[in-house]
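Here are the chains, one letter per residue:
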Amino acid sequence: MAMIGNVCFSFFVVGVLVFTIMAATYEPEDPLFNPSTKITTFLTSKSNATFKSDNTVVRTGEDFMAANETVFGSIINSTDVENLVNAESSDAGDVASQCDASGPIDCKDPEVFHLMMRATIDKFHDIHFYRFGKPVPGSNDSTCDMAWRFRPKEGKAAAYYKDYRRFVIDRSENCTLSVVSIGEYHSGMNARKRKKNQKEKHRQVTFLPVVGEIVNDSLPVVESESSFNHGKYLIYEGGGDRCKSMNHYLWSFLCALGEAQYLNRTLVMDLSICLSSIYTSSKQDEEGKDFRLYFDFEHLKEAASVLDKDQFWAEWNKWQQKDGMSLHVVEDFKVTPMKLMEVNDALIMRKFGSVEPDNYWYRVCEGETESVIQRPWHLLWKSRRLMDIVSAIASKLNWDYDSVHVVRGEKARNKELWPNLDAHTSPDALLSTLQDKIEEGRNLYIATNEPDTSFFDPLKDKYTTHFLDEYKDLWDKTSQWYSETTKLNNGISVEFDGYMRVSVDTEVFLRGKKQLETFNDLTSDCKDGINTCNVAAK
């Protein structure tokens, strides 16, 4: 028995040794070293792969553009395209084909596709390409439209972007193809993918937005009486936060959203906000502004539990008496969220009075609550319609520009709080500051509240200057933004107001390769006035 045990143990040891050697020396099949037929299949796969970048999951391909796409594992460069061309040429063999030099361009021809990819990569040096959509016919027999996904090489890149442009292609007498021109940003409308109005079967919790897609910010749907009746809700009513600055509004709103998450309740929110007079052309507070004009409600409703106030009260009035849904009212902001954890009523209503500043929503998150409730800033993104404008401006500059933020306006006139700001942001002072930081001849985007941009004309001697108002066509009556916001606003046209201008101006500034701030780089004055620099640093 002992001998049999030793033999069995020996076989076991030998088996483990053989398996270990095989595992250490085994090399899995790499598709990049397969025969040409296999590499072509790999590179032209139509599968909806999930893209990942820096460990962050992004939306799948079916959310992006046309089904037929060419996928290269990561960043696409000219070498990848050449490898694809060589692989397909090897498969084609030496079969000669005749061509009609006067015939229409076949946008489905692989040669056309390769040509368009190469031309795009060669033209736009300052962006990384991640996916190309197969070309589709353009407006006539010599044009093709193609879409691609990209990110800028430098500057802030919080998202993947999408562009689709129109290519004019020429065929010579010997049938050689060449790209004559590439259109402006989003000029290739036939390559644009429109999202169908249907629920996504699989929803990702964390993803990067793809700017340029159709926005789906419709209101959440109450699926059934049962789902509504079993829910737990939180609502803030009244208070003095209305018509304050947007910073004030967000500070209070995110306090409410943070408490709702802490209590594991759905936040009942008012999508109709009041825009402060500081942002309006009328210089009056304006009610009835849709939250979705300024912020990404699609992301908010997917990442958090929220419900529109009008929807909620309609359902509440319908089912409350029948099912006995109870209400718990809190009229003192000093009642902390921690004390509400044991409340079992369907709805907790925080009611705020009229005495300032005790009637501000953000007071709930002060004191001992401050260390418990974290404002979920990551849930609040800028409107993707506004971000489309940002992407368009950066694309028109080929993502190759530097930026400077110049604050003037009332602050420059207030010598008591900002004694040096006016002088430090004068054209002569700017030229002196910029000469050591930004190379002469560069595209320079100037984000500023100075209404008269001719004030900066002296800078044109050394830089090609650009301002937000140069791109008014992106929000005028012929623009996609105007069409979509008018539809969202029940057919009533929407003004591109002051807060939208600030949002877009800031985001374009942040995407510059070099960025100079007023109070960090241009002046020794403090952002919040004299003697506040150290306070701000803390």
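Residues numbered from 1 in each chain as written. Predicted model: local features only at pLDDT ≥ 70, side-chain atom pairs only at ≥ 80, totals over all residues. Heavy atoms only, no water.

- Per an unreviewed UniProt entry, the protein chain goes by O-fucosyltransferase family protein and derives from Clitoria ternatea.

1. Concerning the overall build of the protein chain
So, step 1. Counting its secondary structure elements, the protein chain contains 16 helices and 20 strands.
So, step 2. A buried classification covers 47% of the 538 residues belonging to the protein chain.
So, step 3. Sequence-distant contacts in the protein chain: of pairs separated by 6 or more residues, those separated by 24 or more amount to 69%. (Helix = DSSP H or I, 4+ residues; strand = E, 2+ residues; numbered from the N terminus. Buried < 20%, exposed > 50% of the residue type's maximum accessible area, 1.4 Å probe, protein only. Contact = heavy atoms within 4.5 Å.)

2. Topic: the sheet that holds strand S20 (residues 515-516)
So, step 1. Taken in spatial order, the four strands make up an open sheet running S19-S18-S17-S20, and their pairing is parallel. This sheet does not close on itself; its edge strands, each paired only once, are strand S19 (464-466) and S20.
So, step 2. Bridging between strand S17 (residues 402-406) and strand S18 (residues 443-448) involves five bridges; their strand directions are parallel. Opposite Val404, over in S18, you have Ile446 as the bridge partner. (Pairing = 2+ DSSP bridges.)

3. Some points on the sheet that holds strand S16 (residues 347-352)
So, step 1. Reading across from one edge, S14-S11-S10-S16-S15 is the order of the five strands in this open sheet, with parallel pairing throughout. The strands lining the two open edges of the sheet, one partner per strand, are strand S14 (306-308) and strand S15 (327-330). With strand direction ignored, the average angle separating the axes of adjacent strands in the sheet is 25°.
So, step 2. As paired strands, strand S10 (residues 233-238) and strand S11 (residues 266-269) are joined by three bridges and run parallel to one another. Bridging from a neighbouring strand, Leu234 pairs with Leu267 of S11.
So, step 3. In the packing of helix H6 (residues 246-262) onto the sheet, contacts are made with S10, S11, S14 and S16, and the angle to S10 comes to roughly 155°. (Axes fitted to C-alpha atoms, helices over the stretch in contact; angles between N-to-C directions.)

4. Thoughts on the state of the cysteines
So, step 1. All chains considered together, the criterion is met by four disulfides.
So, step 2. What pairs with Cys255 in a disulfide is Cys365, and their sulfur atoms sit 2.0 Å apart. Across the S-S bond linking Cys255 and Cys365, the dihedral sits near 100°, which makes this disulfide right-handed. Within this pair, whereas Cys255 is found in helix H6, its partner Cys365 is found in the loop between S16 and helix H9 (384-396), the two being separated by 110 residues in sequence.
So, step 3. What makes Cys365 buried here is its relative accessible area of 4%. (Disulfide = S-S within 2.5 Å.)

5. As for a nonpolar patch on the surface
So, step 1. Residues Phe9, Phe12 and Val13 make up a contiguous nonpolar surface patch of about 340 Å² in total accessible area.
So, step 2. Examined against the element boundaries, Phe12 turns out to sit in helix H1 (residues 2-25). (Patch = residues over 30% accessible without salt bridge, like charges linked within 9 Å, V, L, I, M, F, W, Y side chains within 5 Å. Areas by Shrake-Rupley, 256 points an atom, 1.4 Å probe, with all protein chains shown as cover. Salt bridge = Lys/Arg side-chain N within 4 Å of Asp/Glu carboxyl O.)

6. A look at the pairing of strand S7 (residues 160-171)
So, step 1. Among the twelve residues that make up S7, nine are buried, leaving the element largely enclosed by the rest of the structure.
So, step 2. Pairing geometry for strand S6 (residues 143-152) and S7, over eight bridges, is antiparallel. Of the residues in S7, the one forming a bridge with Trp148 is Asp163.
So, step 3. In this sheet, strand S9 (residues 210-211) lies alongside S7 in parallel orientation, the contact comprising two bridges. Across the sheet, Tyr161 pairs through a bridge with Val211, a residue of S9.
So, step 4. One ladder, built from five bridges, connects S7 with strand S8 (residues 177-182); its direction is antiparallel. Residue Asp170 lies in a different strand from S8, and its bridge partner there is Ser178.
So, step 5. The antiparallel hairpin formed by S7 and S8 contains five residues in its connecting segment, where Cys175 sits at a positive phi of about 70°.

7. Quick look at the environment of Val81
So, step 1. Along the polypeptide, Val81 turns up in helix H3 (residues 78-92).
So, step 2. In this structure Val81 comes out as buried when scored by relative accessible area, which is 0%.
So, step 3. For the pair formed by Val81 and Ile121, sequence separation is 40 residues and the distance between their alpha carbons is 9.7 Å.

8. Examining the packing of aromatic side chains
So, step 1. Applying the stated criterion across every chain, the model contains 33 aromatic pairs.
So, step 2. Relative to Phe167, the ring of Trp148 lies with its centre 6.2 Å away and its plane at 75°, an arrangement referred to as edge-to-face. In this pair, Trp148 sits in strand S6 while Phe167 sits in strand S7, placing the two residues 19 residues apart along the sequence. Grouping residues by exposure puts Trp148 and Phe167 together as buried.
So, step 3. Consider the rings of Phe456 and Phe467, whose centres lie 5.7 Å apart with planes at 35°: the pair is tilted. In this pair, Phe456 sits in the loop between S18 and S19 while Phe467 sits in the loop between S19 and helix H13 (480-488), placing the two residues eleven residues apart along the sequence.
So, step 4. Through pairs of rings, three or more aromatic residues link up here, namely Tyr249, Phe253, Tyr279, Phe291, Tyr294, Phe295, Phe297 and Tyr499.
So, step 5. When the ring centre of Tyr160 is taken as origin, the NZ or CZ atom of Arg149, which lies over that ring, is 5.5 Å away. (Phe/Tyr/Trp six-rings, centres within 6.5 Å; stacked < 30°, edge-to-face > 60°. Lys NZ or Arg CZ within 6 Å of the ring centre and 35° of its normal.)

9. Comments concerning the nonpolar core
So, step 1. If you look at the biggest cluster of nonpolar residues, it comprises 93 residues, and the most contacted ones within it are Met246, Phe253, Phe291, Leu300 and Ile393.
So, step 2. Residue contributions to this core peak at nine residues, all from H6.
So, step 3. Those residues within four positions of Met246 in sequence are excluded, and the remaining contacts are Ile273, Leu275, Tyr279, Tyr294, Phe295 and Tyr499.
So, step 4. Ranked by size, the runner-up nonpolar core spans 14 residues in total, among them Val404, Leu430, Leu431 and Leu434. (Core = buried A, V, L, I, M, F, W, Y, C linked by side-chain atoms within 4.5 Å.)

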